[in-house]
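Chain by chain, the residues:
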Amino acid sequence: PIPPRHDWLIASAVILASMAAALAIRILWPYDTVFVDGNVWFREMDSWYRMRLVDNFLHNFPFVTAFDPYSNFPHGIRAAFHPLTSWLIGVPALILGGGNPSAALIDKCGAYFPPILGALTVIPVYFMGRLLHGRLAGAVAAILIAVLPGEFLSRSLLGFTDHHVTEAFFSAFALLLFMNALREATKAEVVVRRPSDLANPTYRRVVLFAVLAGISLGLYLLAWRGGVFVLAVLVL
């Protein structure tokens, strides 16, 4: 067996290398088509709409718009997107801009948001693979999610500023934490007949993982209303 310290070093090396590859592919490849003549050219129509919501959020911080009068003119529509992605872009822009970020800084934060969150998704994917089938499976999963062509890569590229990468990140973490909660529940032989049973000291790790999974699932649902489909799968 691999000593715990060496195991930790190997896992860290695999995760960091996969994240570096993910960032390189997602940033360097499309860089010249996103940052053009000092401006940010976002990918796809929805990215421009998302950044309009971010601008609105920053001008009215901490409130997000609930009604968009400029869509379906002259009737307007209820805000089409849930607010978490606007917060994840807007708050770092506020911090980096000292509370008053420039339009250029806001656009840069929006452009870099997808590749950064896409690279961070390597972490839960590695641990899901490892939990299911061991270290090698975790390493393969981390490498594949970092470099494999497809919808996840496309929607986590520089400038593809939308809620899709937020969904992928938080749904992956929710599933990982649920898997850990189920594993710990099996080990502890959890039996819950009444809510007070959850106070059993031997159930602490189970409850912790379950609570964290619930928080991740809640954040996922704050990213996109279609997240109820994942919730339905978990219930089933």
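Here is a short report on the structure shown in this document. (Residues numbered from 1 in each chain as written. Predicted model: local features only at pLDDT ≥ 70, side-chain atom pairs only at ≥ 80, totals over all residues. Heavy atoms only, no water.)

**Details of the pattern of salt bridges**
Inspection of every chain in the model, using the stated rule, returns 6 salt bridges. Measuring nitrogen to oxygen at the nearest pair gives 3.7 Å for the salt bridge that ties E184 to R183. Looking at E184, the relative accessible area reads 9%, which means it is buried. Measuring nitrogen to oxygen at the nearest pair gives 3.4 Å for the salt bridge that ties E184 to R205. Taken together, the residues E184 in helix α9 (residues 164-188) and R205 in helix α10 (residues 204-221) connect sequence positions 21 residues apart. Residues joined in a network through salt bridges with shared partners are D7, R130 and R135. (Salt bridge = Lys/Arg side-chain N within 4 Å of Asp/Glu carboxyl O. Buried < 20%, exposed > 50% of the residue type's maximum accessible area, 1.4 Å probe, protein only. Helix = DSSP H or I, 4+ residues; strand = E, 2+ residues; numbered from the N terminus.)

**Considerations on the packing of aromatic side chains**
What the rule picks out here adds up to 10 aromatic pairs. Centroid distance Y126 to F127: 4.9 Å. Interplanar angle 85°. Geometry classified as edge-to-face. What makes Y126 buried here is its relative accessible area of 2%. By way of ring pairs, the aromatic residues Y31, F35 and Y112 are connected into one cluster. (Phe/Tyr/Trp six-rings, centres within 6.5 Å; stacked < 30°, edge-to-face > 60°.)

**Considering the packing of α9 against α10**
Close contact between α9 and α10 brings their axes to 8 Å; oriented N to C, the two are set at 160°. Looking at the two axes, α9 sits roughly antiparallel to α10. Along this stretch, α9 crosses α10, giving a crossing that reads as left-handed. Within the contact between the two elements, α9 uses E167, F170, S171, F173, A174, L177, F178, N180, A181, E184, A185 and A188 and α10 uses R205, V206, F209, A210, L212, A213, S216, L217, L219 and Y220. Counted by class, the contact of α9 with α10 contains 16 nonpolar, 3 polar and 3 charged residues. (Axes fitted to C-alpha atoms, helices over the stretch in contact; angles between N-to-C directions. Parallel < 35°, antiparallel > 145°, perpendicular 65-115°, else oblique. Left-handed = near helix turned anticlockwise from the far one by under 90°. Contact = heavy atoms within 4.5 Å. Nonpolar A, V, L, I, M, F, W, Y, C, P; charged D, E, K, R; others polar.)

**Overview of the environment of D162**
Structurally, D162 can be placed in the loop between α8 (151-155) and α9. When its relative accessible area of 1% is taken as the criterion, D162 is described as buried. With 49 residues separating them in the primary sequence, D162 and F113 have C-alpha atoms 9.0 Å apart. Not counting residues up to four positions away in its chain, the partners in contact with D162 are D46, R50, F81, T85 and F113. At 3.0 Å, the side chain of D162 and the side chain of H163 are in polar contact. In terms of polar contacts, D162 uses its side chain to reach the side chain of H164, at 3.4 Å. (Polar contact = N/O pair within 3.5 Å; in protein donor to acceptor, adjacent residues only side chain to side chain.)

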